[in-house]
Amino acid sequence: MLIGLPLFILVIAISGGEEEQPQASCRPGAVEDESAIPEEYREALDSAAVESGLSVDLLAAQIDAESGWDPEATSPVGAEGLAQFMPQTWATYGNGGDPNNGDDAIAAMGRYMAGVSEEVSDLAGNERELAELSLAAYNAGPGAVQNAGGIPAFPETEKYVKTIMGSAQGNYSADCSPVAGQVIGELGSGEWTSPLPGGTTTSGFGARSCPILNALNCAGGVSDHRGLDFAGPSGSTVVAPMDLEIRATGVIPNWEQLGWVVLGKQPDAPGLHIEFAHCAANSIQVNPGDTVAPGTPLCTQGNTGSSAGEHLHFQIGTPDGDESIPGWENLVDPAPLLREKGISS
C-alpha cells in the first residue's frame, strides 16, 4: 500500500499495445471455496463495511490483493498485516491495536477507507466511481487523487484499482454482480461469449496515460478509452457475444478513427448497443438488418482507423443514443458486464 508516495513512471500506453493482467471471471466465493472470505474474518469485515460505507466484497478483494489473507505479511517498504498498513498510518488508524492481528487490521482498514472515501467523494458521480476512487486513494493517497481529479495515472494505482474491482465481482460477490451494481438493468438470460475467442485484454476502459513517441494524437478516445481492447493471433475472428440485431457496418462518416465497424443492438431487454471497431478492411460478414446468434462471425480483427496494432476495440452502450453511429456519452465499461456473464476480461 502506498500512502501519499506517487510513482513517477513514464509508460507507453497505446491502444492494443499494453497487456494487462487478466481479471477474475465470475466465480462467486463460497465457504468451501479457497478464494472465499476466511470464516474467522467475516464478522470483522461486516463491521468494516458498515464503518467504511463500502461493500464486503470490495474490502475482501482488497485484503486479498494486499496480503493474500496472511496476517503476518510484510513488504519491503515496511507495510504490515492483512491490510498492509505503514507504521505512520497505523499510528493514526490502528487505535492501539496490533497490525498483525487480523481483526484489528480489518477494523483499521474500515476506518481508513471511511476517511479516504470522504476525502474523494466530491469527485465521484456514483457508487462505483466512489469505490474506485477510494481504492486509488488507499494506494496512492487521497491527495494524489484530488490532484489528478480522479484515479492518478500511476501504473501501479491503475492496476490496483482494476484488479480489486474485478476480483470483488468475480471472486467475492454473492451473485457475480458488479461492485456497487450497474445502472442498465438486468442483462437478460441469454448466453454470452467472448467477442474475440482466444484473445486477451490489452487495454481497459477509462483514462489512460498519454502515449509517448506515438503517431496517435493523445486526445479523445486515445486518452479517454471508451471500451475494451482485445488482441488475438493475426487474423482472429470477431464474433457476436450475444444475440444481436445488426444496425450498421463499414466506415461511418465522422467516425473514421474507429476504422471499419459493426454496430449492433440486443433485440431483447435491456437493449444494449454493442459495437466492434478496427475490423480489417472488407472483412465484415454481416449486413444491417441481420439478426445473429452468439458466436456468429462478424469480421476479422484489424488495424483500420486510428489504431496502433491489430486488435478489436469493443464498446457497450446503454439503450439511449443513435443506433446508426458509434456511441460516446452512453458508453459503459464492458468488463463488469462480461464478468457477470462468466467471461474473463
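See the structure above.
Definitions and cut-offs
Residues numbered from 1 in each chain as written. Predicted model: local features only at pLDDT ≥ 70, side-chain atom pairs only at ≥ 80, totals over all residues. Heavy atoms only, no water. Helix = DSSP H or I, 4+ residues; strand = E, 2+ residues; numbered from the N terminus. Buried < 20%, exposed > 50% of the residue type's maximum accessible area, 1.4 Å probe, protein only. Contact = heavy atoms within 4.5 Å. Areas by Shrake-Rupley, 256 points an atom, 1.4 Å probe, with all protein chains shown as cover. Pairing = 2+ DSSP bridges. 1 Å grid on protein atoms, 1.4 Å probe; cavity = no way out; pocket = protein on both sides within 12 Å on 5 of 7 lines; lining within 4 Å. Points joined across faces, edges and corners; volume = space filled by probe spheres on them. Nonpolar A, V, L, I, M, F, W, Y, C, P; charged D, E, K, R; others polar. Disulfide = S-S within 2.5 Å. Expected span 1.5 Å × (residues − 1). Polar contact = N/O pair within 3.5 Å; in protein donor to acceptor, adjacent residues only side chain to side chain. Axes fitted to C-alpha atoms, helices over the stretch in contact; angles between N-to-C directions. Parallel < 35°, antiparallel > 145°, perpendicular 65-115°, else oblique. Left-handed = near helix turned anticlockwise from the far one by under 90°.

Draft legend 1. Highlighting the overall build of the protein. Along the protein, the regular secondary structure elements total eight helices and 12 strands. Burial analysis of the protein (345 residues in total) assigns 50% to the buried set. Put simply, of all contacts in the protein between residues at least 6 apart along the chain, 65% involve residues at least 24 apart. Split by element, the accessible area of the protein, about 14600 Å² in all, is 50% carbon and sulfur.

Draft legend 2. Examining the side chain of Ser67 more closely. For Ser67, the location among the structural elements is in helix H2 (residues 56-67). On the basis of relative accessible area, Ser67 is assigned to the buried category, the value being 13%. In this view, Ser67 contacts Ala73, Gly81 and Leu82; residues no more than four positions away in its chain are not counted.

Draft legend 3. Representation of the pairing of strand E7 (residues 260-265) in the model. Burial of E7 is extensive: five of the six residues sit out of reach of the surface. As judged from the six bridges shared by strand E6 (residues 244-251) and E7, these two strands associate in the antiparallel manner. Note that in E7 the partner of Ile246 across the bridge is Gly264. With five bridges connecting them, E7 and strand E8 (residues 273-279) associate as antiparallel partners. Residue Trp260 lies in a different strand from E8, and its bridge partner there is Cys279.

Draft legend 4. Highlighting empty space enclosed by the protein. In this structure the tally under the stated criterion is three cavities of 30 Å³ or more. The calculated volume of the largest cavity comes to roughly 40 Å³. Residue lining of the largest cavity: Arg247, Leu263, Gly264, Lys265, His273, Glu275, Asp322, Glu323 and Ile325, and that is the complete set. Among the elements that take part in the lining of the largest cavity, E7 stands out by supplying three residues, more than any other. Each residue belonging to the lining of the largest cavity can be placed in one class, and the counts come to two nonpolar, two polar and five charged.

Draft legend 5. A look at the side chain of Ser236. Residue placement: Ser236 occurs in the loop between strand E4 (228-231) and strand E5 (237-239). In contact with Ser236, other than residues within four places in its own chain, are Leu196, Cys299, Thr300 and Gln301.

Draft legend 6. Up close: the state of the cysteines. Scanning the model with the defined rule gives one disulfide in all. Between the sulfur of Cys279 and that of Cys299 lies a disulfide, 2.1 Å long from S to S. Taking the torsion about the S-S bond as the criterion, the Cys279 to Cys299 disulfide, at about -60°, is left-handed. Here the residue Cys279 occupies a position in strand E8, and Cys299 occupies one in strand E10 (residues 297-300), the gap between them amounting to 20 residues. A relative accessible area of 1% means that Cys279 is categorised as buried.

Draft legend 7. Representation of helix H5 (residues 127-140) in the model. Under the 1.5 Å per step criterion, the end-to-end length of H5 is 20 Å for 14 residues, consistent within 8% with the ideal 20 Å. Counting buried positions along H5 gives 11 out of 14 residues, so the element sits mostly inside the fold. Those residues of H5 that fall on the buried side of the exposure criterion are Arg128, Ala131, Glu132, Leu133, Ser134, Leu135, Ala136, Ala137, Tyr138, Asn139 and Ala140. Contact partners of the buried residues in H5: H2, helix H4 (102-120), helix H6 (142-148), helix H7 (155-172) and helix H8 (334-340). Where H5 starts, the residue carrying a side-chain oxygen 3.1 Å from the main-chain nitrogen of Arg128 turns out to be Asn126.

Draft legend 8. Just the environment of Ile274, in detail. Following the sequence through the fold, Ile274 ends up in strand E8. With 53 residues separating them in the primary sequence, Ile274 and Gly327 have C-alpha atoms 9.3 Å apart. Each residue touching Ile274, except ones within four places of it in the same chain, is listed here: Pro241, Met242, Leu244, Val262, Leu263, Gly264, Phe314, Gln315 and Ile316.

Draft legend 9. A look at the packing of H2 against H5. At a minimum axis distance of 12 Å, the contact between H2 and H5 shows a crossing angle of 30°. As the angle between them shows, H2 and H5 are arranged roughly parallel. Crossing of H2 over H5 shows right-handed handedness. Along the contact surface, H2 presents Leu58, Gln62 and Glu66, while H5 presents Ala131, Leu135 and Tyr138. Class assignment of the residues belonging to the contact of H2 with H5 gives a composition of four nonpolar, one polar and one charged.

Draft legend 10. Spatial organisation of the pairing of strand E11 (residues 312-317). Taking burial as the measure, the six residues of E11 include six buried ones, the bulk of the element. Taken together, the three bridges between E4 and E11 define a ladder with antiparallel strand orientation. Bridging from a neighbouring strand, Leu228 pairs with Phe314 of E11. Where E8 lies against E11, five bridges are found, and the strand directions are antiparallel. Residue pairing for E11: His273 is matched across the bridge by Gly317. With two bridges connecting them, E11 and strand E12 (residues 331-332) associate as antiparallel partners.

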